[in-house]
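# Topology and contacts: notes
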Amino acid sequence: MTSTAHLLWVVLAVVLLIAIALILMLVRRRNLRSKYGLLWVAVGVALVPLAVFPGFVDWAARKVGVYYQPTVIMLSAIGLLILLAMHYSWELSRLEERSRTLAEEVALLRAEGDEMRSRLDSLESDGQDGPPGRV
Amino acid sequence: MTSGSPTSSGRTADTLVIIPAYNEAEALPSTIADLRTTRPDLDIVVVNDGSSDSTAAVAKAAGVVVITLPYNLGLGGALRTGFRYAIRSGYSRAVQFDGDGQHDATSIAALEGALDAGADLAIGSRFRAVEGGYQVGSTRSGAMGLLRWLVRILTGEKFTDTTSGFRGFSVPMLQFFGTHYPVEYMESVEALILAHGAGFDVREVAVQMSERETGAASTRGLRLAYHFCRVLVVMVISKGALRRPDAGDAAASEPVANEVES
């Protein structure tokens, strides 16, 4: 392997490490929920050895019988991304359901509040003549 | 029972009429007035589905209870809200009624009759009505025919008006739909399949409907086609997905006395 190729791998590894650091920082600042943060960190951590030991990909490709090694990375990346997208759809459905229920509850509570206020008003005006004084 | 605390609601009737309304300010007053004269014995609630017009004000002025959703949830969401209101206020049945004057208030009695005879979900069918034949466009009637056929295959029963929005609900049905009512467009067919598959008693009743007073069918063309396909798939895969909770299941919600901490 030429030295420029080696340099490429080093750059990749550094970029990955920076990405991991960034994710950890976001989680620390609570900008990213830890469950997603950890997921991405795990992905990054899994990629680091690949960047450091590129020979592993060649070896794995030979094992599975793939001629063009990058295909292995591409395929696993696509697989992972599809799984993630599915997970997000699931999460999104759940969130929509929750915000929906919340909106319905808010509406019901508001109607209940209106009802109570009008009852209170009529009660107060029954109790004494004229508008009730505010306390 | 989930009657909860004795509600402080102003319930004065056994049947609640739920009117889901989205930008219905124009037709709503006459619909409510008509309901009031035909059936003065019923309570009415308008669920204002995030309207941008004066629907809420108009309904309040008519003197009915108004529940305003903070943003538009669609018909399913508005109905679900109405169902939960009915349960919490202690009504023994509820009727879904259109705000645009499409439904005939005298036909509510037919729905109530079916509910009292043991139905959980009474569906008002415009096609079973003897007089005043209801006309629908050809595309629409073709789509309706396909839905009808599919519903027959899935339920083993013949329903003539699967998309009708003129329906009556028993208390168990209200409790079930309060959380499980489908919320996407064309939810009425989905709800029918869901209720039937869950073991509820679904019946069809002949009612009167007139042509829409204002506004047209909300959706057409590609969007309708998309929703149609969606409903077909959902109907097939969700058949029997949910079961009607048995009386025994209610015990599960009772507090379990195992909070012994030491």
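So, here's what we can say about the structure. For every chain, the first residue of the written sequence is number 1, and numbering continues from 1 along that sequence. Both sets of labels track the order of writing: A upward for chains, 1 upward for ligands. Per-residue local features are limited, in this predicted model, to residues with pLDDT of at least 70; the limit for side-chain atom pairs, both in listing and counting, is 80 or more; totals at the level of whole chains, interfaces and linings are taken over all residues.

### A look at the interface of chain A and chain B
Note the cut-off: We call two residues in contact when the distance between their C-beta atoms, placed using the backbone, is within 7 Å. Put simply, Ala, Val, Leu, Ile, Met, Phe, Trp, Tyr, Cys and Pro go in the nonpolar bin, Asp, Glu, Lys and Arg in the charged bin, and everything else, Gly too, in the polar bin.
The interface of chain A with chain B comprises ten residues on the first partner and 17 residues on the second. A class-by-class count of the residues in the side of chain A that touches chain B yields six nonpolar, no polar and four charged.

### Remarks on the packing of helix H3 (residues 74-89) of chain B against helix H6 (residues 171-180) of chain B
All names here are of chain B. We apply this condition: Structural elements are reduced to axes, namely lines fitted to C-alpha atoms, with helices fitted over the stretch in contact, and the angle between N-to-C directions of any two is expressed from 0 to 180 degrees. Helix numbers and strand numbers start at the N terminus; a helix is a DSSP run of H or I with at least 4 residues, a strand a run of E with at least 2. Here the word oblique covers every angle except those under 35 degrees (roughly parallel), over 145 (roughly antiparallel) and from 65 to 115 (roughly perpendicular). Crossings are sorted by hand: turned counterclockwise from the far helix by less than a right angle, the near helix makes the crossing left-handed, and turned clockwise it makes it right-handed.
Running from N to C, H3 and H6 cross one another at 140°; their axes reach a closest spacing of 8 Å. Overall, the two elements H3 and H6 adopt an arrangement that is oblique. As H3 packs across H6, the resulting crossing turns out to be left-handed. Contacts between H3 and H6 involve Arg80, Phe83, Arg84, Ala86 and Ile87 from the former and Leu174, Gln175, Phe177 and Gly178 from the latter. Residues belonging to the contact of H3 with H6 are distributed by class as follows: five nonpolar, two polar and two charged.

### Observations regarding the pairing of strand S5 (residues 121-125) of chain B
Residue and element names in this part refer to chain B. Which entries qualify depends on this criterion: We call a residue exposed when 12 or fewer other C-beta atoms sit within 10 Å of its C-beta, buried when the count reaches 20 or more, and partly exposed for counts in between; the C-beta positions come from the backbone. At least two DSSP bridges between two strands are required for those strands to pair.
With five of five residues buried, S5 is to be regarded as a mostly interior element. Alternating positions in S5 separate into two faces, Leu121, Ile123 and Ser125 on one and Ala122 and Gly124 on the other, with burial throughout. Inspection of the sheet shows S5 paired to strand S6 (residues 167-170) by three bridges, in the antiparallel sense. Within the sheet, the bridge partner assigned to Ile123 lies in S6 and is Arg167. Pairing analysis gives five bridges linking S5 to strand S7 (residues 202-206), with the strands arranged parallel. Bridge pairing links Ser125 to Ala206 in S7.

### Let's talk about the packing of helix H7 (residues 187-197) of chain B against helix H8 (residues 221-237) of chain B
Residues and elements named next belong to chain B. Two numbers describe how H7 lies on H8: the axes approach to 10 Å, and their chain directions differ by 5°. The orientation of H7 with respect to H8, classified from their angle, is roughly parallel. Of the residues in H8, those touching H7 at Val189, Glu190 and Ile193 are Val231, Val234 and Met235. Of the residues contributing to the contact of H7 with H8, the split by class is five nonpolar, no polar and one charged.

### Quick look at the pairing of S6(B)
Residues and elements named next belong to chain B. Along S6, one buried face is formed by Arg167 and Phe169 and the opposite face, lined by Gly168 and Ser170, is buried too. Two elements, strand S4 (residues 93-96) and S6, share four bridges in a ladder whose sense is antiparallel. In the sheet register, Val95 faces S6, and the bridge partner there is Gly168.

### Focus on the sheet that holds S4(B)
Residues and elements named next belong to chain B. Pairing is mixed across the open sheet formed by seven strands, whose spatial order is S3-S2-S1-S4-S6-S5-S7. With partners counted over all chains shown, the strands left at the sheet margins are strand S3 (65-68) and S7, one partner each. The sheet shows a mean angle of 25° between the axes of neighbouring strands, direction not considered. With four bridges joining them, strand S1 (residues 15-21) and S4 adopt parallel strand pairing. Note on S4: the bridge partner recorded for Val17 is Val95. Together, S1, strand S2 (43-48), S3, S4 and S6 form the strand contacts of H3, whose direction differs from that of S1 by roughly 155°.

### Points about the nonpolar core
Residues and elements named next belong to chain B. Let me state the cut-off plainly: By definition, a nonpolar core groups buried Ala, Val, Leu, Ile, Met, Phe, Trp, Tyr and Cys residues that connect through C-beta atoms lying within 7 Å of each other.
Counting residues in each nonpolar core, the largest one holds 69 residues, and the members touching the most others are Val17, Ile18, Val45, Phe83, Ala86, Ala94 and Leu192. Top element by residues in this core is H3. It accounts for seven residues. Look past the residues within four positions of Val17 in its chain and what remains in contact with it is Leu35, Leu42, Asp43, Ile44, Val95 and Phe97.

### A short note on H7(B)
All names here are of chain B. The buried fraction of H7 is high, at ten of eleven residues. Among all positions of H7, only Glu187, Ser188, Val189, Glu190, Ala191, Leu192, Ile193, Leu194, Ala195 and His196 are buried. Downstream of H7 by one or two residues, Gly199 has phi in the positive range, about 100°.

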